[in-house]
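# Coordinate analysis (summary)
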Protein chains: 2
Amino acid sequence: MHRALALARTAAAAGEVPVGAVLVDGKSGELLAEGHNLVETRHDPTAHAELLVIREAAEKLGQTRLEQADLYVTLEPCPMCAAAISFARLRRVYFGAYDPKGGGVDHGPRIFEQPTCHHRPEVIGGMEETACAEILRDFFKARR
Amino acid sequence: MHRALALARTAAAAGEVPVGAVLVDGKSGELLAEGHNLVETRHDPTAHAELLVIREAAEKLGQTRLEQADLYVTLEPCPMCAAAISFARLRRVYFGAYDPKGGGVDHGPRIFEQPTCHHRPEVIGGMEETACAEILRDFFKARR
């Protein structure tokens, strides 16, 4: 999560909403992909940190299912990313700050709790919560 | 929708789940992007037709919001794509077949009805429903 926090800081410096993500092989500990939000830079509304690392790892490994992969992300995934996590069959999701307005795991549509959800990863929320939330708060405060 | 159906047939021939999508400027009628599911070809669990056309159009236009864009897609969008449609601020979504198992608009998490959903497009479901559903049914029947 410390690496994800560093990536979030890089995002903030680039004018991107500061969310960082790291995908690792949960068994070997090998780094599969890392990244941060790139919505503004790429002019891509889907370029959230989680989607980027899932795509990168899946393409690199040549498989659409990443059943041994654990995701570390500084913010609760939104509904789009939560559904992508489910499609990619990630093993575990560790997230930092909770997101009552935009989250899709513990808030809003609670994607993994839907009866039609095909795969529910293990979810651990609130990891390094204070630091993860602070980066976001500082970013939006400076923009106001 | 006829163009989206043709794209779905192309997808089926390539061994991809046959869903096609076309994004047009709702005012000028200009084609912004078109595509079909490429999950298997690209080894990308997020490469649904809707996400691909949104990304292509947004990058081409250099903007993350596509407020004049109308999407034609042969299947009810899943929760991931529905959330992406909301982020991209699409004006209208016309879809063909309903998807009780995997849909996220009229089924499952009903993304656009969530109080935390920031943008709800106009939605017209069931357009060319029979033809759209038939392509999917034939595809899965042949695979069994």
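Residues numbered from 1 in each chain as written. Chains lettered and ligands numbered in written order. Predicted model: local features only at pLDDT ≥ 70, side-chain atom pairs only at ≥ 80, totals over all residues. Heavy atoms only, no water.

Turning our eyes to something else, we now look at the overall build of chain A. Scanning chain A for helices and strands turns up 5 helices and 5 strands. Walking chain A from its N terminus toward its C terminus, one meets helices and strands in the order α-β-β-α-α-β-α-β-β-α. Taking 144 residues into account, the globule formula puts the C-alpha radius of gyration at 15 Å, and chain A, at 14 Å, falls close to it. Of all 144 residues assigned to chain A, the portion counted as buried reaches 56%. Once local pairs closer than 6 in sequence are excluded, the contacts in chain A between residues at least 24 apart make up 59%. With the model as given, the accessible surface of chain A reaches about 6,300 Å², and the carbon-plus-sulfur share is 48%. Within chain A, one finds 17 positive and 20 negative side-chain charges whose respective centroids are separated by 1 Å. (Helix = DSSP H or I, 4+ residues; strand = E, 2+ residues; numbered from the N terminus. Rg over C-alpha atoms; globule rule 2.2 N^0.38 Å. Buried < 20%, exposed > 50% of the residue type's maximum accessible area, 1.4 Å probe, protein only. Contact = heavy atoms within 4.5 Å. Areas by Shrake-Rupley, 256 points an atom, 1.4 Å probe, with all protein chains shown as cover. Lys, Arg positive; Asp, Glu negative; His and termini not counted. Charge placed at Lys NZ, Arg CZ, Asp CG, Glu CD.)

A few words on the interface of chain A and chain B. Each side of the interface is counted separately: chain A has 30 residues, and chain B has 30 residues. The contact between chain A and chain B buries some 2,400 Å² in all, and 70% of this surface belongs to carbon and sulfur atoms. For the interface between chain A and chain B, the tally reads 2 salt bridges. Put simply, arginine 55 of chain B and aspartate 44 of chain A hold a salt bridge, and the shortest N to O gap is 3.4 Å. Joining chain A to chain B, the criterion identifies 6 residue pairs in polar contact (both at pLDDT 80 or more). (Buried area = accessible area lost by both parts, 1.4 Å probe. Salt bridge = Lys/Arg side-chain N within 4 Å of Asp/Glu carboxyl O. Polar contact = N/O pair within 3.5 Å; in protein donor to acceptor, adjacent residues only side chain to side chain.)

Taken from the UniProt record, the annotation "domain: CMP/dCMP-type deaminase" (unreviewed entry) applies to residues 1–106 of chain A. A distance of 19 Å separates the end C-alpha atoms of residues 1–106 of chain A, which is 36% helix and 24% strand. (UniProt positions renumbered as here; feature names shortened; annotations may be inferred.)

This brings us to the relation of the copies chain A and chain B. Note on the identical chains: chain A maps onto chain B by a rotation of 180° and an axial translation of 0.0 Å, with an RMSD of 0.0 Å. Both copies of the chain, as the preceding transformation shows, are related through a two-fold rotation axis. For chain A, the smallest separation between a C-alpha atom and the rotation axis is recorded for methionine 80 of chain A, amounting to 2.0 Å. Looking at the interface residues of chain A, 100% of them are also at the interface in chain B, so both copies use one shared face. (Least-squares fit on C-alpha atoms with pLDDT ≥ 70 in both.)

Inspection of the secondary structure assignment puts glycine 102 of chain A in the loop between strand 4 (92–97) and strand 5 (122–124). Not counting chain neighbours up to four residues away, the residues in contact with glycine 102 of chain A comprise Cys78 and Pro79 of chain A.

Right, let's get into the environment of glutamate 76 of chain B. All names here are of chain B. Looking at the element boundaries, glutamate 76 is found in the loop between strand 3 (69–75) and helix 4 (79–87). Look past the residues within four positions of glutamate 76 in its chain and what remains in contact with it is Phe95, Ala97, Tyr98, Asp99, Gly103, Gly104, Val105, Asp106 and His107. Within the local environment of glutamate 76, its side chain forms a polar contact with the backbone nitrogen of aspartate 99, the two atoms lying 2.8 Å apart.

The subject of this paragraph is the state of the cysteines. All names here are of chain A. Scanning all chains against the criterion turns up 0 disulfides over all chains. The thiol of cysteine 81 is unpaired, and the distance to the nearest cysteine sulfur, on cysteine 78, comes to 3.9 Å. For cysteine 81, a relative accessible area of 1% corresponds to the buried category. Of the cysteine sulfurs around cysteine 132, a residue in no disulfide, the closest is that of cysteine 81, at 15 Å. (Disulfide = S-S within 2.5 Å.)

Residues and elements named next belong to chain A. Spatially, 5 strands are ordered 2-1-3-4-5 in an open sheet, and the strand pairing comes out mixed. Either end of the sheet is taken by a strand with one partner, and the two such strands are strand 2 (31–36) and strand 5. Ignoring which end each strand starts from, the neighbouring axes of this sheet average 15° apart. As paired elements, strand 1 (residues 20–25) and strand 2 share 5 bridges and run antiparallel to each other. Looking across to strand 2, one finds that glycine 20 is bridged to histidine 36. (Pairing = 2+ DSSP bridges. Axes fitted to C-alpha atoms, helices over the stretch in contact; angles between N-to-C directions.)

Residues and elements named next belong to chain B. Running from N to C, helix 1 (residues 2–13) and helix 5 (residues 129–143) point in directions that differ by 5°, and their axes come no closer than 10 Å. Accordingly, the angle class assigned to the pair helix 1 and helix 5 is roughly parallel. Facing Leu5, Ala8, Arg9 and Ala12 of helix 1, the residues of helix 5 in contact are Ala131, Cys132, Ile135 and Phe139. For the contact of helix 1 with helix 5, a count of residues per class yields 7 nonpolar, no polar and 1 charged. (Parallel < 35°, antiparallel > 145°, perpendicular 65-115°, else oblique. Nonpolar A, V, L, I, M, F, W, Y, C, P; charged D, E, K, R; others polar.)

Here we take up the packing of aromatic side chains. Counted according to the given criterion, the structure contains 6 aromatic pairs over all chains. For the pair phenylalanine 139 of chain A and phenylalanine 140 of chain A, a centre-to-centre distance of 5.2 Å together with 80° between the ring planes defines the contact as edge-to-face. In this structure phenylalanine 139 of chain A comes out as buried when scored by relative accessible area, which is 9%. A relative accessible area of 35% means that phenylalanine 140 of chain A is categorised as partly exposed. With centroids separated by 5.0 Å and ring planes inclined at 80°, the aromatic side chains of phenylalanine 95 of chain B and tyrosine 98 of chain B adopt a geometry described as edge-to-face. Taking relative accessible area as the criterion, tyrosine 98 of chain B reaches 33% and is therefore assigned partly exposed. (Phe/Tyr/Trp six-rings, centres within 6.5 Å; stacked < 30°, edge-to-face > 60°.)

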